[in-house]
Amino acid sequence: MSTSQYAVTDPHDGNVVETYPTADASDVSRALDAVSSAYKSWSRTTSVADRAALMKRASELFAERTDELAAIIEREMGKPTAECVEEVEFSAAILGYYADNGTEFLKDEPIDLLDGEGSALIRRFPIGPLLGIMPWNFPYYQVARFAGPNLVAGNTIILKHAPQCPESAAAIAQIFSEAGFPTGAYVNLNATNEQCADIIADPRIQGVSLTGSERAGSAVAEIAGRNLKKVVLELGGSDPFILLSTDDMDATVQAAVDARAYNTGQACNAGKRFIVADGLYDEFVTAFTEKMKETSGASPLSSVAARDNLASQVDEAVSGGATFVGSENDDVDANGAYYPAGVLTGVTKDNPAYYQELFGPVAMVFKVGSEEEAVELANDTPFGLGSYVFTTDSEQAERIANQLEVGMVFVNGVGADGVELPFGGVKRSGFGRELGRYAIEEFLNKKLIRVIE
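The structure displayed is predicted, hence computed values, not measured ones.

## A short note on the packing of aromatic side chains
Logical step 1: Scanning the model with the defined rule gives 19 aromatic pairs in all.
Logical step 2: Ring plane angle 20 degrees and centroid distance 5.4 Å describe the contact between F90 and Y141, whose orientation is recorded as stacked. Of this pair, F90 sits in helix α4 (residues 81-105) while Y141 sits in helix α5 (residues 141-153); the two residues are 51 residues apart in sequence, bridging distant segments of the chain.
Logical step 3: Take F90: its relative accessible area is 24%, and that puts it in the partly exposed class.
Logical step 4: Cluster of aromatic residues (ring-pair linked, three or more members): F241, F274, F284, F288, Y388, F390 and F410.
Logical step 5: Positioned over the ring face of F423 is R145, at 4.4 Å from the centre of the ring.
Logical step 6: Seen from the ring of F443, K230 lies directly overhead, with NZ or CZ sitting 5.4 Å from the centre.

Written out as structure tokens, the structure reads:
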């Protein structure tokens, strides 16, 4: 694991806006002491309602500071302004959801006894301090869906954000502090990867949640497993977008563009592999390619390194026999992290891109001759995060949804995520769930209390 440098580097022009100090050993020690102390005092002496009230105020502060918070992440990772605002608003809604529903989610659960006298119930308790390791692509949203449920549950948090998001990380910590969470309930730490390994191994830390790459997930899971710590992993995705029939091709193409181009294509659950029935393929590819090209240049990728990685993947795909058609208005070598939006076709199973996740505004499109072939191709990936199914046949949609090896299926729509809808995947996309009521269940002691009369 290599060290990391915390800095805001504007991907629009590549200029470093501000640098932040990386944590040293004393910072790590203080963070561990703080979350441990807060868990022993605050977590054990407050009710769910007490903690939910603080979370409600944090939600309000997010909403009140929407424009300020949006401007920060536009600087950090180049997200379009409107999408920055949407992210802040969604994050506020997530925190509000757990504030409003935490008491109900964590209430006692009676068990009907099959034999014997008395009673039994499950009572939910926090398990202790947690480490969260978050990515750059949704700097507020990713943190909100981890911190929201766990702080209401009573777990305390050390949050290690992505090195390119130190300003938003500090802003989040400030909001939780101003909302009334005590010292140690939520600690922002600009840690290195090596320091994170030590934190996971520390006996005071009871679990770790990571959203990031497969490589990062494997490294964290290995350390956590060696130290017998609970892990939630949300990793990569190469989500299929299956189109078998439509009564409105224009609307379907726009949905496909929205699925691929949102956040400049930098979302784990973006539509990435478009699997189209042969009778619709030519019409779809023509319209989809033109629409994708129109999105080009609206915003950069998150960094020059991200741009260069995508460029390398596309070059390898073309060398392997695929065809790339993209905007001619963008120069991959220009200042900033811009990459031309476009479409790859002719990607065969032996092409390097076939099993890769392309993290940017480039889509792969495949032609299939049957429903069965579409499902087989959709499942032929190491990932299993989300998926999209477009068809006018509701019975077909249900058949396909039941067969897809994924954690989420969206039928005839994109952008339909909600605070109440669980998010997560299977296979190499990780395990565990965030959002909805399932998120608050991940790091709990579901304690059995059996009373015999």
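## A short note on the sheet that holds strand β5 (residues 130-133)
Logical step 1: Across the sheet, which stays open at both edges, the 6 strands sit in the order β7-β6-β5-β8-β9-β19 with mixed pairing between neighbours. The open sheet is flanked by β7 (186-188) and β19 (430-431), the only strands paired with a single partner.
Logical step 2: The pairing of strand β9 (residues 230-234) with β19 spans 2 bridges and is antiparallel. Residue pairing across strands places L233 opposite F431, the latter belonging to β19.

## Re unusual backbone geometry
Logical step 1: At N263, a residue that is not glycine, the phi angle is positive and equals roughly 55 degrees.
Logical step 2: Its identity as a non-glycine residue notwithstanding, N412 has a phi of 60 degrees, on the positive side.
Logical step 3: With respect to the helices and strands, N412 occurs in the loop between β17 (410-411) and β18 (426-427).

## Details of the packing of helix α3 (residues 66-77) against helix α6 (residues 166-179)
Logical step 1: Packing of α3 against α6 leaves a shortest axis separation of 8 Å and a crossing angle of 155 degrees. One finds that α3 runs roughly antiparallel with respect to α6. Across from L69, I72, I73, R75 and E76 in α3, the residues of α6 making contact are P166, E167, S168, A171 and I175.
Logical step 2: In the contact of α3 with α6, the residues fall into 6 nonpolar, 1 polar and 3 charged.

Reading the values: the criteria
Residues numbered from 1 in each chain as written. Predicted model: local features only at pLDDT ≥ 70, side-chain atom pairs only at ≥ 80, totals over all residues. Heavy atoms only, no water. Phe/Tyr/Trp six-rings, centres within 6.5 Å; stacked < 30°, edge-to-face > 60°. Helix = DSSP H or I, 4+ residues; strand = E, 2+ residues; numbered from the N terminus. Buried < 20%, exposed > 50% of the residue type's maximum accessible area, 1.4 Å probe, protein only. Lys NZ or Arg CZ within 6 Å of the ring centre and 35° of its normal. Pairing = 2+ DSSP bridges. Axes fitted to C-alpha atoms, helices over the stretch in contact; angles between N-to-C directions. Parallel < 35°, antiparallel > 145°, perpendicular 65-115°, else oblique. Contact = heavy atoms within 4.5 Å. Nonpolar A, V, L, I, M, F, W, Y, C, P; charged D, E, K, R; others polar.

Note that all results are geometric; they support no functional claim without further evidence.
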